[in-house]
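Listed below, chain by chain, are the residues.
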Amino acid sequence: MKRRKFLKNSSLTAAGALSAPLMANYQKDGISNPENEVDLPVKPIAVCTWNFKNATAKAWEILEKGGNSLDAVEQGVMVEEADVKNETVGKGGRPDRDGNVTLDACIMDKDGNCGSVVYLQNIVHPVSVARKVMEETPHIILAGRGAEQFAYEQGFKKEDLFTESTRKQYKEWKKTSKYETIINIENHDTIGMLAMDENGDISGACTTSGMAYKVGGRVGDSPIIGAGLFVDNEVGAATATGVGEEVIRTVGSFLIVELMRQGKSPQEACEEGVKRIMAKNKNRKDFQIGFLALNKKGETGGYCVHPGFTYSQYTEKGQENVNVESFYQKN
């Protein structure tokens, strides 16, 4: 798949006479100075919330070899699901207040196909179960015991998701049982990943263990298509992190993609998405939301409520961690 890029007017020489009829048609349609155009190859890209450089490196490994974006996002986020040092995703994720480690994830491909699991226990890779839901069932979301049983039927193995560290933290938390939302990654986080392959096709994935010590059964935005993740291959994709309740209320990721459809850049769309949330939460400062977006040109953008949110980006130029601007600035 190729993208179009117009050259500047100054680059035209003798070819101007031949292109005059074409230019006349463009001008008649209200488009000025389109001039000569060339085909440029699509440049693959992988981006994810926060500085999960190992995840984007894995995704890039797939893309660099000509792999598709769906495999890239799945295998990319699986890196974090398996990392026991990451206590907000997959194995080693912090439990709910009842002591259950419950995982949520979703995945979406270039054709709008999607799958999701919520409140999944005893399975390390919920994103892969979500993909199986997408590919092997007529459904989009499976929950709780049903999702777990489906995972076993698909060959996934049962595994204790607690680690020594998270078990110790939970026992300490139970002494006070105090629940509070910490602004950035310390308490809760999501890895949302977006990728575009060499064909220009975009896919996305999102996975999390949710808020630490949440009420049993709580589900945030991460596995909800349109909230924590949305892909429209004609336009681009978006994902979110932070307090999911606020993202769900605005169908945040869908909103970001629709804003890009209307002509906004990924950066502009993310800024507008956060501002709409804050318009309904005037003067409220006790939560974090971060949006990340990618369009069909391979452009990215991000914006958040409080300073601290970053995203990792991997292209042919290498890996980069991007600090994004925020609604509330540093003091």
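Our structure is the block above this text.
Residues numbered from 1 in each chain as written. Predicted model: local features only at pLDDT ≥ 70, side-chain atom pairs only at ≥ 80, totals over all residues. Heavy atoms only, no water.

(A) Summary view of the nonpolar core. I107, V117, V129, I289 and F291 are the most contacted members of the largest nonpolar core, which has 79 residues in total. Once residues within four sequence positions are removed from consideration, V129 is found in contact with V117, L120, I123, A147, F150, A151 and F156. Core analysis: the second largest hydrophobic core is formed by nine residues, L161, F162, Y170 and W173 among them. (Core = buried A, V, L, I, M, F, W, Y, C linked by side-chain atoms within 4.5 Å. Buried < 20%, exposed > 50% of the residue type's maximum accessible area, 1.4 Å probe, protein only. Contact = heavy atoms within 4.5 Å.)

(B) Here's a closer look at helix α6 (residues 164-173). If you check which residues of α6 are buried, you get T166, Y170 and W173. Viewed along the axis of α6, the buried residues span an arc of 60 degrees, placing them on a single side of the element. Of the exposed residues in α6, the ones pointing more than 90 degrees away from its buried face are E164, K168 and K171. (Helix = DSSP H or I, 4+ residues; strand = E, 2+ residues; numbered from the N terminus. Arc of directions from axis to C-beta.)

(C) Local environment of the packing of helix α4 (residues 126-136) against helix α5 (residues 144-153). Where α4 meets α5, the closest approach of the two axes is 10 Å, and the angle between their N-to-C directions is 80 degrees. Relative to α5, the element α4 lies roughly perpendicular. Note on element contacts: α5 touches α4 through A147, F150 and A151, opposite V129, K132, V133 and E136. For the contact of α4 with α5, the residue count by class is five nonpolar, no polar and two charged. (Axes fitted to C-alpha atoms, helices over the stretch in contact; angles between N-to-C directions. Parallel < 35°, antiparallel > 145°, perpendicular 65-115°, else oblique. Nonpolar A, V, L, I, M, F, W, Y, C, P; charged D, E, K, R; others polar.)

(D) Just the pairing of strand β7 (residues 191-196), in detail. Within β7, six of the six residues are buried, which leaves it mostly tucked inside the rest of the structure. Here β7 shows no split at all, with I191, M193 and A195 on one side and G192, L194 and M196 on the other all buried. In terms of strand pairing, strand β3 (residues 45-49) meets β7 through four bridges, oriented antiparallel. The residue of β7 that forms the bridge with I45 is M196. With six bridges connecting them, β7 and strand β8 (residues 202-208) associate as antiparallel partners. (Pairing = 2+ DSSP bridges.)

(E) Seen up close, the sheet that holds strand β14 (residues 318-323). Here we have eight strands laid out as an open sheet, ordered β6-β5-β4-β8-β7-β3-β13-β14, and mixed in their pairing. Looking at strand neighbours, the two that pair on one side only are β6 (141-143) and β14, the edges of this open sheet. The sheet shows a mean angle of 10 degrees between the axes of neighbouring strands, direction not considered. Sheet strands in contact with helix α2 (residues 53-64) are β3, β7, β13 (310-315) and β14, and its direction is about 160 degrees off that of β3.

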